[in-house]
Amino acid sequence: MINFQSVSKIYPGNITALKEATFNIAPGEFVSIVGQSGSGKTTVIRLLIAEESPTLGKIIIGDWDITKIHHSEIPILRRQIGVIFQDFKLLIKKTAYENVAFALEVSGVPSSRIKTIVPQVFKIVGLEKKMDRFPKQMSGGEQQRVAIARALIHRPKILLADEPTGNLDSINAHEIIDLLLKINEFGTTVILVTHNREIVNMIKKRVITLDHGHLVSDQATGKYIL
Amino acid sequence: MTAFLRIIKFALKNFWRNLALSIVTITILVLVLFSTSFLLLLNILARTATGAVENKIDVSVFFEERVAEEKVLAAKNEWEKSEAVKSIEYISKDQALELFKTKHKDDDAIKALEEVGRNPFGQSLVLKPKSPDQIDDLEKLVNGGDYKSVIKQTSLSDNRNDLAKLKAVTDNIHRIGLGASIMFVIIAVLVIHSTIKMTIYTQQQEISIMRLVGASNIFIQGPFIVESILYGLIASLIAMAILFFPLLGMVSPFVDKFFEGYAENIFQSFLNNAWLIILLQIFLGVILSIASSGFAIRKHLKV
């Protein structure tokens, strides 16, 4: 599904964010990428959504070599990869419903279809009764669920979660992880980028560990080792 | 169609969110369109006026009363071969009489004509030069040829001084207008560029989310382009309205007085060329807006 082949990312000033990383993620896997700040975790996310291109190496998603992706193909790639972030990235002047519908609107999906799909996704994340609330009227956990709903709206094959529990208390964090596990059970490949030791150890799934841009460990049922 | 309507919706939203900036942009564009349209109108008017003055430059040749029509027509044929001649009009004895009667129908001259009891007018030819500078050549042509003995009188209608004055004044107005238009165009480009840049910055979060969820480039860039087209269209409508009513109403009497007797009424000129001016305004407004916003989008909006 996802294949990193000796991928390096070197920023101007000879700053190495990722050094010859090679790993493979199978369809339907749940993988945690862990490491301290500056270890290269977020670079992996950026490379996967083609926000950056690698300095060296190759990244294959499905049959698609995204290191050679054309500018006009990037939106198509991003519709197949849902992304959630620590800061939710919700538009505060839009309701939860409008935030999720927005993702479909800007992809040219007809309004009638938007009205059908959006409530379905809210049901998956358990917010079907709070669709009309604005982000400020929701808890952190609920806001992250709205972000997940938005990430799932294109029925992506891959869900990238970049520190999704970073702004949440322990109860909300666990609820979000449970939701990610549930989404993974439906067949979506989930890549969780985190430095939350407790969460990683609780999940008991594959763990890739990065340290200063180097892939230092890849355990099938791993723990947070740093 | 859905995508197109949605881009327009987003553009309208951008327009309202930055209403103050939108108003400033439109005002500057109105100035550009207004000055260029006025310049165009002035050009049309000046061309009509100089044409009219040029048309009044001619040489009238009056033949002796006894001269046969064939001889006058032979002179006409010969003179028509000259390089300097644009056209020659033949006026017969009867036509000359009619012209006199029409011209003096309300005064005593008509009574004097009745006293004479016959048609005292001879035939005449009116020669128009190809260019105003050739009027002297025409004079030489009629006075220096074989027909000198049968010519009673020649009359020169030379408006070259008026023409030179008219050209000097319109050239100056043209120069000032052109300078003002260029200055306004530069200001407009800078203002539209800044407005779109500001809009991009205020929409930064929305744009980043659009990118994240896989919005196509046309959805990200389209609203800004439509917004700029909107500026161009609204500005051309306002410029047209200002040109049409208040300004032409105020300026028209002064300009008409200047061109009196030479060109048609400025308001009429404007009406006759309304479509040309509307198209020019829309074209200029929209092209200017798209070009300036295009620079801003290329520079500040990463897709």
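Residues numbered from 1 in each chain as written. Chains lettered and ligands numbered in written order. Predicted model: local features only at pLDDT ≥ 70, side-chain atom pairs only at ≥ 80, totals over all residues.

A. A look at the overall build of chain B. Per the secondary structure count, chain B includes eleven helices and four strands. Within chain B, buried positions represent 32% of all 303 residues. Counting only contacts in chain B whose residues sit at least 6 apart along the sequence, the fraction spanning at least 24 positions is 88%. (Helix = DSSP H or I, 4+ residues; strand = E, 2+ residues; numbered from the N terminus. Buried ≥ 20, exposed ≤ 12 C-beta atoms within 10 Å, placed from the backbone. Contact = placed C-beta atoms within 7 Å.)

B. Layout of the overall build of chain A. Scanning chain A from N- to C-terminus turns up seven helices and ten strands. By residue count, 43% of the 226 residues in chain A fall in the buried class. Intrachain contacts of chain A at a sequence separation of at least 6 include 68% that bridge at least 24 residues.

C. Spotlight on the nonpolar core. Ranked by internal contacts, the top residues of the largest apolar core, which has 114 residues, are Val 100, Ala 149, Leu 160, Ala 161 and Ile 191 of chain A together with Leu 29 of chain B. Among the elements that take part in this core, helix α2 (residues 19-55) of chain B stands out by supplying 13 residues, more than any other. Setting aside anything within four residues of it in sequence, one finds Ala 161 of chain A in contact with Ile 84, Leu 180, Val 190, Ile 191, Leu 192 and Val 193 of chain A. The next biggest cluster of nonpolar side chains, apart from the first, holds 13 residues, and it includes Val 72, Trp 79, Leu 141 and Tyr 147 of chain B. (Core = buried A, V, L, I, M, F, W, Y, C linked by C-beta atoms within 7 Å.)

D. Examining the sheet that holds strand β8 (residues 189-194) of chain A more closely. All names here are of chain A. Pairing within the open sheet is mixed, and its six strands lie in the order β6-β7-β8-β3-β9-β10. Strands with a single pairing partner mark the edges of an open sheet, and in this sheet they are β6 (81-85) and β10 (214-219). Neighbour to neighbour, the strand axes of the sheet diverge by 15 degrees on average, direction disregarded. As defined by bridge partners, strand β9 (residues 206-211) adjoins β10 across five bridges and the pair is classed as antiparallel. Residue pairing across strands places Val 207 opposite Gln 219, the latter belonging to β10. Along the sheet face, helix α6 (residues 170-185) touches β3 (30-34), β7 (158-162) and β8 and points at about 155 degrees away from the line of β8. (Pairing = 2+ DSSP bridges. Axes fitted to C-alpha atoms, helices over the stretch in contact; angles between N-to-C directions.)

E. Representation of the pairing of β9 of chain A. Bridge analysis of β3 of chain A against β9 of chain A gives four bridges, and the strand direction is parallel. Across the sheet, residue Ser 32 of chain A finds its bridge partner in β9 of chain A, namely Val 207 of chain A.

F. Structural context of the sheet that holds strand β5 (residues 64-65) of chain A. Residue and element names in this part refer to chain A. Ordered in space as β2-β1-β4-β5, the four strands form an open sheet in which the pairing is antiparallel. With one partner strand each, in any of the chains shown, β2 (15-25) and β5 form the two edges of the open sheet. Across five bridges, the pairing between strand β1 (residues 2-11) and strand β4 (residues 56-61) is antiparallel. Within β4, the residue paired with Asn 3 across the bridge is Ile 60.

G. Seen up close, the interface of chain B and chain A. Across the boundary between the two partners, chain B contributes 14 residues, which contact 16 residues of chain A. If you list the elements that add at least two residues to the side of chain B that touches chain A, you get α1 (2-17), α8 (204-212) and α9 (217-258) of chain B. Per-element tally for the side of chain B that touches chain A: the top contributor is α8 of chain B, with five residues. For the side of chain B that touches chain A, a count of residues per class yields seven nonpolar, five polar and two charged. (Nonpolar A, V, L, I, M, F, W, Y, C, P; charged D, E, K, R; others polar.)

H. Layout of the packing of α2 of chain B against helix α11 (residues 274-300) of chain B. Residues and elements named next belong to chain B. At a minimum axis distance of 10 Å, the contact between α2 and α11 shows a crossing angle of 145 degrees. Of the two elements, α2 crosses α11, and the hand of that crossing is right-handed. Contacts between α2 and α11 pair Leu 29, Val 32, Leu 33, Thr 36, Ser 37, Leu 40 and Leu 41 from the former with Ile 277, Leu 280, Gln 281, Leu 284, Gly 285, Leu 288 and Ser 289 from the latter. Of the residues in the contact of α2 with α11, the class split is nine nonpolar, five polar and no charged. (Left-handed = near helix turned anticlockwise from the far one by under 90°.)

I. Geometry of the pairing of β2 of chain A. Residues and elements named next belong to chain A. Pairing analysis gives seven bridges linking β1 to β2, with the strands arranged antiparallel. Paired with Ile 2 across the strands is Ile 25, a residue of β2. Hairpin remark: β1 followed by β2, antiparallel, with three residues in the connecting loop; positive phi at Gly 13, about 95 degrees.

J. Summary view of the environment of His 195 of chain A. Here His 195 of chain A is to be found in the loop between β8 and α7 (197-203). For the pair His 195 of chain A and Ile 33 of chain A, spaced 162 residues apart in sequence, the C-alpha separation works out to 8.4 Å.

K. Here's a closer look at helix α3 (residues 69-80) of chain B. All names here are of chain B. With twelve residues, α3 should cover 16 Å at 1.5 Å per step; its first-to-last C-alpha distance of 16 Å lies within 8% of that length. Those residues of α3 that fall on the buried side of the exposure criterion are Val 72, Ala 75 and Trp 79. In a view along the axis of α3, the buried residues occupy a sector of 55 degrees, so they form one face of it. In α3, the exposed positions angled more than 90 degrees off the buried face are occupied by Glu 69, Glu 70 and Asn 77. Of the surrounding elements, those touching the buried residues of α3 are β1 (58-63), β2 (85-91), β3 (124-129) and α6 (135-144). (Expected span 1.5 Å × (residues − 1). Arc of directions from axis to C-beta.)

L. Molecular detail of α8 of chain B. Taken together, the buried positions of α8 of chain B are Glu 206, Ile 207, Ile 209, Met 210, Arg 211 and Leu 212 of chain B. Gly 214 of chain B occupies a position one or two residues after α8 of chain B and carries a positive phi of about 85 degrees.

M. Examining the packing of helix α3 (residues 96-105) of chain A against helix α4 (residues 111-124) of chain A more closely. Residue and element names in this part refer to chain A. Following both chains from N to C, one finds α3 and α4 inclined at 130 degrees, their axes separated by 10 Å at the closest point. Here α3 lies oblique to α4, going by the angle between them. In the crossing of α3 with α4, the sense of the turn from one axis to the other is right-handed. Side by side, α3 and α4 meet where Tyr 97, Val 100, Ala 101, Leu 104 and Glu 105 of the first sit next to Ile 114, Ile 117, Val 118 and Val 121 of the second. Per-class residue counts for the contact of α3 with α4 are eight nonpolar, no polar and one charged. (Parallel < 35°, antiparallel > 145°, perpendicular 65-115°, else oblique.)

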